[in-house]
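Listed below are the residues making up each chain.
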Amino acid sequence: MAADNALGEFLKARRGRVPPSRADLPAHGRRRVAGLRRDELARLAGISEPYLTRLEQGVDQHPSPQVLRALARALELDADASGHLFALAAPGPVPPTETEVAPDVHQLLDAWAGTPAYVRDRRFDVLAANKWARALAPMYEPGHNLARDMFLDPEARRLFPDWPGIAAQTAAALRAEADPRDPRFARLVAELEADEDFRELWSRHDVRPSRDELKRFTHPVVGELALRRQALTVGGAEQQVIIVYQAVPGSPSEAALARLL
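Conventions and cut-offs
- Residues numbered from 1 in each chain as written.
- Predicted model: local features only at pLDDT ≥ 70, side-chain atom pairs only at ≥ 80, totals over all residues.
- Heavy atoms only, no water.
- Pairing = 2+ DSSP bridges.
- Helix = DSSP H or I, 4+ residues; strand = E, 2+ residues; numbered from the N terminus.
- Axes fitted to C-alpha atoms, helices over the stretch in contact; angles between N-to-C directions.
- Contact = heavy atoms within 4.5 Å.
- pLDDT = per-residue confidence, 0-100.
- Phe/Tyr/Trp six-rings, centres within 6.5 Å; stacked < 30°, edge-to-face > 60°.
- Buried < 20%, exposed > 50% of the residue type's maximum accessible area, 1.4 Å probe, protein only.
- Lys NZ or Arg CZ within 6 Å of the ring centre and 35° of its normal.

**Overview of the sheet that holds strand β3 (residues 213–219)**
Strands belonging to one sheet form pairs held by backbone hydrogen bonds; the direction of such a pair is parallel or antiparallel. Taken in spatial order, the five strands line up as β2-β1-β5-β4-β3 in an open sheet, and their pairing is antiparallel. What marks the edges here is a single partner per strand, and that holds for β2 (126–129) and β3. Pairwise comparison of adjacent strand axes, ignoring direction, gives a mean angle of 30° for this sheet. As paired elements, strand β1 (residues 117–121) and β2 share three bridges and run antiparallel to each other. In the sheet register, Val-119 faces β2, and the bridge partner there is Ala-128. Against the sheet, helix α10 (residues 163–177) touches β1, β3, β4 (223–234) and β5 (237–246), its axis set at about 125° to β3.

**Observations regarding the confidence of the model for the protein chain**
Residues of the protein chain with pLDDT of at least 70 account for 94%, and the chain-wide mean is 92. Mean pLDDT per element in the protein chain: β5 is the minimum at 92, and helix α8 (residues 146–152) is the maximum at 98.

**Some details on the packing of aromatic side chains**
Scanning the entire structure with this criterion turns up eight aromatic pairs. Relative to Phe-217, the ring of Phe-160 has its centre 5.2 Å away and its plane inclined at 50°; by these criteria the two rings are tilted. A residue pair is termed long-range when its members are at least 10 positions apart, and Phe-160 in the loop between α9 (154–159) and α10 and Phe-217 in strand β3 qualify at 57 residues. Given a relative accessible area of 0%, Phe-217 falls into the buried group. Ring centres of Phe-198 and Trp-202 lie 5.2 Å apart, and the angle between their planes is 20°; on these two criteria the pair is classed as stacked. Taken together, the residues Phe-198 and Trp-202, both in helix α12 (residues 196–203) and four residues apart, mark about one turn of the helix. Each of the two residues, Phe-198 as well as Trp-202, counts as buried. Within the aromatic cluster, the residues linked to one another by ring pairs are Tyr-118, Tyr-140, Phe-160, Phe-217 and Tyr-245. One Lys or Arg, Arg-120, reaches over the ring of Phe-124 and ends 4.1 Å from the middle of that ring. The ring centre of Trp-202 lies 3.8 Å from the NZ or CZ of Arg-175, which sits over that ring.

What follows is the structure, encoded as structure tokens:
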């Protein structure tokens, strides 16, 4: 991602994903693009094609809220992608990078007996983890990067039976949460683009922050687990996120968690 034209890249990528038929545009005839042409998007959004060209080329990077809402509607963006579009057009101050996890957060992680929990930042670097998280997967060891392990470590594809979906969510969450102005984030993306799966997912410009959802694991020792993931922001350190995995009480997954240690 080029930080100096993140907005333009996003608009071009999402324009290519809207079929003309869904936008009530004629699909007959030879088309050179898979999605909307620039003039078609401009017409649907009620703006001029030269102005859209300036937006996509990064010449104009601060369209009005009215233009952004019109583009979001024409591009069929959901709430997450629309929020991302607005953030690209009006980025806030560069947030501080908190790499130190407060002692009370460490205490909280360790207090969750039998419950894997770790802290990551918005680059997906793991900053702290309790012993149950570290036993669940090596990628939850402090010092690891979750996106790097997801795409570049072959063990991740064996750990997650639903790897394609989890990988897609990882790429979408990384785009939603990381700051394109961050040089370390740019270096991470450049490294990940060595992987073909990541390149394809990243080019889609999907946006979806981490949310509570069920994740399945195939652990090499305790076998299959189905765990509900919760994502919690650390108060006073909003760049840090606590991820907690819980099993349904009385389920086989709860029994498997008890055998982790």
